[in-house]
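Chains, contacts and geometry: an overview
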Amino acid sequence: MSDPFYITTPIYYVNDVPHIGHAYTTVAADAAARYRRMMGSAVFFLTGTDEHGQKVEKSAAQQGVSPKALADRVVTRFQKLWKVLNISHDDFIRTTEARHQEAVQTLWRTVAAKGDIYLGEYEDWYCTPCETFLTALQLQEGKCPDCGREPEQLKEESYFFRMSRYEERLLAHLEAHPEFIQPESRRNEIIQFVRGGLKDLSISRTTFSWGIPVPGNDRHVIYVWFDALTNYLSALGYPDRTEHFGTFWPADVHVIGKDILRFHTVYWPTFLMAADLPLPRQVFSHGWWTVDGEKMSKSKGNVVDPGEMVQRYGADPFRYFLLREVPFGLDGDFSEKAMVGRFNADLANDLGNLFSRVTTMLGKYCDGTVPRTDTSGQLSAQVERAVQRVDEEMARLAFHKALQEIWALINGINRHVDQTAPWALARQASRRTELDRVMAELMEALRVVTLLISPFMPQTAAEAASVLGLEAGWSTRAGLQWGTSLASAKIAKAKPLFPRIEADERPRPAPKQPNAAGAKQVAQINLQEFQRLDLRTGVIREAEAVAKSERLLKLRVDLGEAGRRQVVAGIAAVYRPSDLIGKSVVVLCNLKPAKLMGIESQGMVLAVEGDDGLSLLGLDRPVPPGRKIH
RNA sequence: GGCGGUGUAGCUCAGUCGGUCAGAGCAUACGGCUCAUAUCCGUAGAGUCGCUGGUUCGAGUCCAGCCACCGCCA
């Protein structure tokens with residue numbers, strides 16, 4: 001396949017809880033990747049997680065697990081979200097993988113061999129009461145910006161990258177390639193910044209150890225950006241000049257949020273220059289989302305959970321909203337009111353209803369069979385124009401414009417229905433030919449619309465394709481051409497693709513979200529009923545993985561006087577067997593035994609679903625095994 | 001403080017080289033149709049184009065100053 005297209009999202013910090021911003025970047029990159037695949041490009045779409053650093057190390061220590069175990073557990077938050085959002089990435093890179101570590105160390109050695117890495121001293125400040133590290137820039141009149149107290153100065157040995165050496169080359173590149181940074185306003189900011197002069201960059205730390213060791217000096221770990229940015233190379237198989245690497249590097253576009261613009265447009269290109277590697281063709285920085293007009297923040301509690309939005313509105317409507325509501329590159333505002341507005345006006349009324357009315361008429365007037373007739377005419381010209389314009393907008397990653405064009409077409413098709421009034425034609429037998437032609441044209445228009453929306457709303461497009469009886473492989477560049485490929489197809493009336501959301505039923509209940517109201521609806525029980533549960537404390541003595549199961553662990557639990565029992569638990573995604581030995585847990589002992597994967601389980605270990613996976617119920621003071629819980 | 005951006009109908013915003021550019025979508029009102037998810041199609045609003053000057057035969061569209069908000073840097 002020719003015409004390679006390599007697109008990336010940033011790697012997300014694994015310890016973060018995914019929010020609308022993560023979803024936005026990833027959905028946008030996904031739509032671009034899907035579009036290019038439809039157009040016949042060989043696409044490589046990469047996302048992943050950044051798993052090193054002090055924060056992960058600290059969280060892991062607090063939870064008493066290894067940093068890697070913590071990362072293994074929380075990485076699933078991203079992986080699960082991408083699944084429900086139908087993200088079509090070709091690879092998922094984690095910075096803790098061996099392939100990445102090798103790539104980073106090789107890059108380091110290459111740059112060092114060039115004489116661009118030297119050992120120096122890095123100064124920063126530490127505010128002991130706040131337990132935070134501060135840079136000289138963050139200080140306010142020499143004081144901690146948070147508490148106003150005097151921080152302590154720390155000096156630390158550090159390796160530096162000679163970024164200053166690349167100032168002129170970078171500036172020349174920025175000026176010669178106006179498309180390198182998009183949107184343009186961001187490009188201007190970076191040019192200003194680079195003109196202000198580039199300093200050498202500290203790229204190692206000795207104050208924590210959770211990272212990739214500096215080659216030849218194990219006391220240092222490679223600091224965040226030198227490690228993280230390299231993911232774009234390591235996923236392609238760098239340093240081995242594999243076919244993949246040869247095909248896809250340099251990247252066509254790094255899609256990022258504006259918070260990490262400088263790292264991608266100053267640090268990254270200079271690293272690559274030092275390694276004599278070609279620079280990515282474009283870095284596209286999109287905007288931030290506010291929520292109901294306010295900045296998102298944990299303290300305000302207004303952080304939008306993408307998973308919840310998907311549950312409430314569906315993956316496709318949420319994807320559609322993100323890409324349609326705001327020009328890509330500018331800030332935008334999310335509100336459920338706007339979400340519902342888009343859903344009803346654009347998806348239910350315009351698109352969904354169009355499918356509904358046209359397929360109904362086909363059933364009524366043509367017996368559900370697409371007439372075989374000439375379809376060249378007004379509509380074909382409109383469709384061809386729309387396909388052309390969508391292509392132009394997608395080339396610029398102007399998703400909202402592309403969607404505007406698609407909806408202009410949908411409106412045009414709705415207008416065509418009114419103007420040709422098939423229901424009037426159907427009353428006059430003499431106009432049969434005319435009616436057949438109109439219906440065939442309308443169906444063909446629906447087919448092309450299905451292809452056009454598929455990068456944005458893959459599930460809906462698949463559903464529509466099945467209504468139209470399209471065969472596998474329908475989503476191709478050739479398919480975008482107006483033709484007669486539906487002729488003689490037998491088609492049933494479409495079910496509403498997007499049932500309207502009525503004002504009073506909004507927001508729809510989120511079925512799996514536990515909340516106070518949900519808890520109250522559970523029937524009450526009396527004490528006797530509770531006492532039927534034989535809940536006891538237990539201590540895990542043995543634990544091993546169950547062959548061929550990703551979820552199950554076989555445990556041997558000590559129940560004191562009641563002896564030991566074998567219990568199979570679905571906790572392997574979160575707990576390693578070795579972490580469990582000696583752990584106190586709560587066991588339901590009189591659960592009817594059951595066989596899981598052929599292994600008998602004589603009870604149940606209690607656990608609860610947290611935001612980042614299961615958590616076993618424990619005791620907050622030591623209690624001997626076998627005690628009854630009441 | 002330095003550099004840059006934005007300020008156009010109730011809301012969100014288009015307006016490329018100065019002269020049908022005073023516009024689109026949503027919302028609202030009225031009309032039409034009945035195939036359709038009470039959906040669709042059509043029509044309407046009069047908004048000092050932030051303020052004040054200036055250039056020009058003519059300025060949202062260029063220039064200067066001011067006000068407000070935002071971004072990057074310090």
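1. As for the overall build of chain A
Scanning chain A from N- to C-terminus turns up 21 helices and 24 strands. Taking all 630 residues of chain A together, 50% fall into the buried category. Long-range contacts, defined here as pairs at least 24 residues apart, represent 74% of the contacts in chain A between residues at least 6 apart.

2. Observations concerning the confidence of the model for chain A
Chain-level statistics for chain A give a pLDDT mean of 86 and a share of 87% at 70 or above. With pTM at 0.80, the complex prediction returns an ipTM value of 0.91.

3. Quick word on the packing of aromatic side chains
Tallied over the full model, the rule gives 27 aromatic pairs. Following the ring pairs from residue to residue traces out a cluster consisting of Tyr24, Phe284, Trp289, Phe318, Phe321, Phe328, Phe334 and Phe399. Directly above the ring of tyrosine 223 sits arginine 205, whose terminal nitrogen or CZ lies 3.8 Å from the centroid. Taking NZ or CZ as reference, arginine 262 lies 4.2 Å from the ring centre of phenylalanine 193, over its face.

4. Digging into the nonpolar core
Generally speaking, nonpolar side chains in soluble globular proteins are found buried as a group. Counting 109 residues, the largest nonpolar core has Phe318, Phe399, Trp407 and Phe456 as its most contacted members. Considering each element in turn, this core owes the most residues, 13 residues, to helix H17 (residues 432–453). In this structure, Leu46, Val111, Leu171 and Trp249 belong to the second largest nonpolar core, which totals 57 residues.

5. Observations regarding helix H18 (residues 458–467)
Side chains three or four residues apart in an α-helix point the same way, a direct result of the helix having 3.6 residues per turn. Pro458, Thr460, Ala461, Ala464 and Ala465 are the residues of H18 that are buried. End-on, the buried residues of H18 take up no more than an arc of 160°, which puts them together on one face. Lining the buried residues of H18 we find helix H1 (20–38), helix H12 (315–325), helix H13 (336–366) and H17. Positive backbone phi, at 70°, marks glycine 469, one or two positions downstream of H18.

6. Details of the pattern of salt bridges
Per the stated rule, a full pass over the model turns up 29 salt bridges. Between aspartate 252 and arginine 281 there is a salt bridge, with its nearest N and O atoms 3.3 Å apart. Linking aspartate 252 in the loop between helix H9 (243–248) and strand E12 (253–257) with arginine 281 in the loop between helix H10 (261–274) and strand E13 (283–286), this pair joins segments that are 29 residues apart in sequence. For arginine 281, a relative accessible area of 46% puts it in the partly exposed group. One salt bridge in this structure joins arginine 437 and aspartate 374, with 3.4 Å as the shortest N-O distance. Residue arginine 437 is found in helix H17, and its partner aspartate 374 is found in the loop between H13 and helix H14 (378–395); the two are separated by 63 residues along the sequence. Under the relative-accessibility criterion, arginine 437 is labelled partly exposed at 30%.

7. Quick look at helix H2 (residues 54–63)
Buried residues of H2: Val56, Ser59 and Ala60, and no others. The buried residues of H2 all sit within an arc of 100° when viewed along its axis, so they share a single face. Exposed residues lying more than 90 degrees from the buried face of H2 are Ala61 and Gln62. At the exit of H2 stands glycine 64, carrying a positive phi of roughly 70°.

8. Here we look at the packing of helix H11 (residues 306–313) against H13
At a minimum axis separation of 12 Å, H11 and H13 run at an interaxial angle of 40°. As far as their axial angle goes, H13 and H11 are oblique. The interaxial crossing formed by H11 with H13 has right-handed handedness. Along the contact surface, H11 presents Met309, Arg312 and Tyr313, while H13 presents Glu336, Met339, Val340 and Phe343. Within the contact of H11 with H13, the residues separate by chemical class into 5 nonpolar, no polar and 2 charged.

9. Things to note about the sheet that holds strand E19 (residues 584–588)
Taken together, 5 strands build an open sheet; the order of strands is E18-E17-E16-E19-E22 and the sheet is antiparallel. Whereas interior strands pair on both sides, the edge strands pair on one side only; in this sheet they are strand E18 (564–569) and strand E22 (604–605). Pairing analysis gives 6 bridges linking strand E16 (residues 535–545) to strand E17 (residues 553–558), with the strands arranged antiparallel. Bridge pairing links alanine 545 to leucine 553 in E17.

10. Side note on the pairing of strand E3 (residues 91–94)
Remark: a regular strand shows side chains that alternate across the two faces of the sheet. What you see with E3 is no split at all: Asp91 and Ile93 on one side and Phe92 and Arg94 on the other are buried throughout. Bridging between strand E2 (residues 42–50) and E3 involves 4 bridges; their strand directions are parallel. Paired with threonine 47 across the bridge in E3 is phenylalanine 92.

11. Examining the protein's contact with RNA strand B
Around RNA strand B there are 28 residues in total, and Glu189, Arg262, Gly352, Asn353 and Arg357 lie nearest to it. A distance of 3.1 Å separates a phosphate oxygen of RNA strand B from a polar side-chain atom of aspartate 350. The set of elements that each furnish at least two residues to the surface near RNA strand B consists of helix H6 (184–195), H13 and helix H15 (399–420). Here the surface near RNA strand B takes 11 residues from H13, the largest share from any one element.

12. Considerations on the environment of arginine 576
With respect to the helices, strands and loops of the structure, arginine 576 is situated in the loop between E18 and helix H21 (577–580). Here the alpha-carbon distance between arginine 576 and alanine 32, two residues 544 residues apart in the chain, equals 38 Å.

13. What to know about unusual backbone geometry
The step from glutamine 182 to proline 183 runs through a cis peptide bond, and the omega angle for that step is -5°. Summarising the element assignment, proline 183 is placed in the loop between strand E7 (181–182) and H6. Cis geometry is found at the peptide bond from tyrosine 238 to proline 239, where omega equals 10°. Positionally, proline 239 belongs in the loop between helix H8 (231–234) and H9. A positive phi angle is found at aspartate 276, which is not glycine, with a value near 55°.

14. Thoughts on the pairing of E18
When E17 meets E18, the two strands line up antiparallel, connected through 6 bridges. Bridge pairing in E18 places lysine 554 opposite valine 568.

What counts as what
- Residues numbered from 1 in each chain as written.
- Chains lettered and ligands numbered in written order.
- Predicted model: local features only at pLDDT ≥ 70, side-chain atom pairs only at ≥ 80, totals over all residues.
- Heavy atoms only, no water.
- Helix = DSSP H or I, 4+ residues; strand = E, 2+ residues; numbered from the N terminus.
- Buried < 20%, exposed > 50% of the residue type's maximum accessible area, 1.4 Å probe, protein only.
- Contact = heavy atoms within 4.5 Å.
- pLDDT = per-residue confidence, 0-100.
- Phe/Tyr/Trp six-rings, centres within 6.5 Å; stacked < 30°, edge-to-face > 60°.
- Lys NZ or Arg CZ within 6 Å of the ring centre and 35° of its normal.
- Core = buried A, V, L, I, M, F, W, Y, C linked by side-chain atoms within 4.5 Å.
- Arc of directions from axis to C-beta.
- Salt bridge = Lys/Arg side-chain N within 4 Å of Asp/Glu carboxyl O.
- Axes fitted to C-alpha atoms, helices over the stretch in contact; angles between N-to-C directions.
- Parallel < 35°, antiparallel > 145°, perpendicular 65-115°, else oblique.
- Left-handed = near helix turned anticlockwise from the far one by under 90°.
- Nonpolar A, V, L, I, M, F, W, Y, C, P; charged D, E, K, R; others polar.
- Pairing = 2+ DSSP bridges.
- Near = heavy atom within 4 Å.
- Polar contact = N/O pair within 3.5 Å; in protein donor to acceptor, adjacent residues only side chain to side chain.

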